[in-house]
Amino acid sequence: MTSPRDTAPPVAEDLGLVDALAQLSFLVQNALAELAGEHDLSVTQTRLLGILRDREPTMNELGRHLGLDKSSITGLVDRAQRRGLVTRTPSTVDRRSFQVSITDTGRQLVEQVAAQFAERIERCVEPLPGADRKRLSRMATRIVTADALDRGIDLRTDPR
């Protein structure tokens, strides 16, 4: 018995840049939302943990990363802290601000979700030849990096 993945999908007419990217975004967001729900997380909580996996930002920096205002970030971090996923400590640079870091429990959870997410995305791009996957990765990186630069976000991970 063959599965749908055993045969190449039919080549569709080009959807156009906007529609193709929108549909791809929906596919990725749906996969993330499904996995987040399986772990009793929202998509935003999952994104929070993903950010904290690589850095220890201040609350303001988290707001920039997530595109959320101060009160939304406070509520988000409060809920994650009650679950034991993050901690909040006074900043050593500015005593008026707090830095947020991931706990061991939060790290285990985000690594599990990240591994499952990677598997799903890999399945999505299976029909593409390796060279196309690399090209897609490079193009997506350029788009995301340019957007982060415009928003004052450093995507590089903190050296630890």
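Cut-offs used in this document
Residues numbered from 1 in each chain as written. Predicted model: local features only at pLDDT ≥ 70, side-chain atom pairs only at ≥ 80, totals over all residues. Heavy atoms only, no water. Helix = DSSP H or I, 4+ residues; strand = E, 2+ residues; numbered from the N terminus. Buried < 20%, exposed > 50% of the residue type's maximum accessible area, 1.4 Å probe, protein only. Contact = heavy atoms within 4.5 Å. Areas by Shrake-Rupley, 256 points an atom, 1.4 Å probe, with all protein chains shown as cover. Lys, Arg positive; Asp, Glu negative; His and termini not counted. Charge placed at Lys NZ, Arg CZ, Asp CG, Glu CD. Axes fitted to C-alpha atoms, helices over the stretch in contact; angles between N-to-C directions. Parallel < 35°, antiparallel > 145°, perpendicular 65-115°, else oblique. Left-handed = near helix turned anticlockwise from the far one by under 90°. Nonpolar A, V, L, I, M, F, W, Y, C, P; charged D, E, K, R; others polar. pLDDT = per-residue confidence, 0-100. Core = buried A, V, L, I, M, F, W, Y, C linked by side-chain atoms within 4.5 Å. Expected span 1.5 Å × (residues − 1). Arc of directions from axis to C-beta. Patch = residues over 30% accessible without salt bridge, like charges linked within 9 Å, V, L, I, M, F, W, Y side chains within 5 Å. Salt bridge = Lys/Arg side-chain N within 4 Å of Asp/Glu carboxyl O.

**Points about the overall build of the protein chain**
Part 1 of the reasoning: Assigned secondary structure in the protein chain consists of six helices and two strands.
Part 2 of the reasoning: Each principal axis of the C-alpha atoms in the protein chain carries an extent, and together these give about 60 × 35 × 30 Å.
Part 3 of the reasoning: Counting only residues that meet the buried cut, the protein chain has 26% of its 160 residues in that class.
Part 4 of the reasoning: Taking contacts inside the protein chain between residues at least 6 apart in sequence as the whole, the part at least 24 apart equals 55%.
Part 5 of the reasoning: Carbon and sulfur atoms provide 55% of the accessible area of the protein chain, an area that totals close to 11100 Å².
Part 6 of the reasoning: Separation between the mean location of the 23 positive side-chain charges and that of the 23 negative ones in the protein chain comes to 5 Å.

**Overview of the environment of glutamate 38**
Part 1 of the reasoning: Take glutamate 38: it is sitting in helix α1 (residues 17-38).
Part 2 of the reasoning: Note on glutamate 38: relative accessible area 49%, which makes it partly exposed.
Part 3 of the reasoning: Considered as a pair, glutamate 38 and phenylalanine 26 are twelve residues apart in the sequence and their alpha carbons are 18 Å apart.

**A word on the packing of helix α2 (residues 43-52) against helix α3 (residues 59-66)**
Part 1 of the reasoning: Where α2 meets α3, the closest approach of the two axes is 11 Å, and the angle between their N-to-C directions is 120 degrees. In terms of orientation, α2 lies oblique with respect to α3. By crossing handedness, the relation of α2 to α3 is classed as right-handed. Here Arg47, Leu48, Ile51 and Leu52 of α2 lie close against α3, whose contacting residues are Leu62, His65 and Leu66.
Part 2 of the reasoning: Of the residues contributing to the contact of α2 with α3, the split by class is five nonpolar, one polar and one charged.

**What about the confidence of the model for the protein chain?**
Part 1 of the reasoning: Averaged over the protein chain, the pLDDT score is 88; the fraction of residues at 70 or greater is 90%.
Part 2 of the reasoning: Highest mean pLDDT in the protein chain belongs to helix α5 (residues 104-125) (96); lowest belongs to α3 (91).

**Some words on the nonpolar core**
Soluble globular proteins tend to bury their nonpolar side chains together.
Part 1 of the reasoning: If you look at the biggest cluster of nonpolar residues, it comprises 21 residues, and the most contacted ones within it are Leu48, Leu49, Leu62 and Val86.
Part 2 of the reasoning: Looking at this core, the elements that each hand over two or more residues are α1, α2, α3, α4 (70-82), β2 (98-102) and α5.
Part 3 of the reasoning: Filtering out sequence-adjacent residues up to four positions away, leucine 62 remains in contact with Leu48, Ile51, Leu52, Pro57, Ile73, Val77 and Val100.

**Observations concerning α5**
Part 1 of the reasoning: For α5, built from 22 residues, the straight-helix expectation of 32 Å at 1.5 Å per residue is met to within 8% by its first-to-last C-alpha distance of 31 Å.
Part 2 of the reasoning: Buried residues of α5: Gly106, Leu109, Val110, Val113, Arg120 and Val125, and no others. Each buried residue of α5 lies within a common arc of 125 degrees when the element is viewed along its axis, so the set occupies one face. The outward face of α5, more than 90 degrees from its buried face, is lined by the exposed residues Asp104 and Gln108.

**Some remarks on the packing of α2 against α5**
Part 1 of the reasoning: In the contact formed by α2 and α5, the axes pass within 9 Å of each other and the chain directions differ by 110 degrees. Judged on the interaxial angle alone, α5 and α2 are roughly perpendicular. Facing Thr46, Leu49, Gly50 and Leu52 of α2, the residues of α5 in contact are Gly106, Arg107, Leu109, Val110 and Val113.

**Comments concerning a nonpolar patch on the surface**
Part 1 of the reasoning: On the surface, Leu17, Val18, Leu21, Leu24, Leu27, Leu128, Leu136 and Met139 cluster together into a nonpolar patch covering about 730 Å² of accessible area.
Part 2 of the reasoning: Put simply, the parts of the chain that give the nonpolar patch at least two residues each are α1 and α6 (130-150).
Part 3 of the reasoning: In terms of residues, the nonpolar patch owes the most to one element, α1, which gives five residues.
Part 4 of the reasoning: As for its position among the elements, valine 18 is in helix α1.
Part 5 of the reasoning: The exposure class assigned to valine 18 is exposed, which follows from its relative accessible area of 69%.

**Considerations on α3**
Part 1 of the reasoning: For α3, the full list of buried residues reads Met59, Leu62, Gly63, His65 and Leu66. Buried residues in α3, looked at end-on, bunch into an arc of 165 degrees, giving them a common side.
Part 2 of the reasoning: Looking at the buried residues of α3, the elements they touch are α2, α4, β1 (86-90) and β2.

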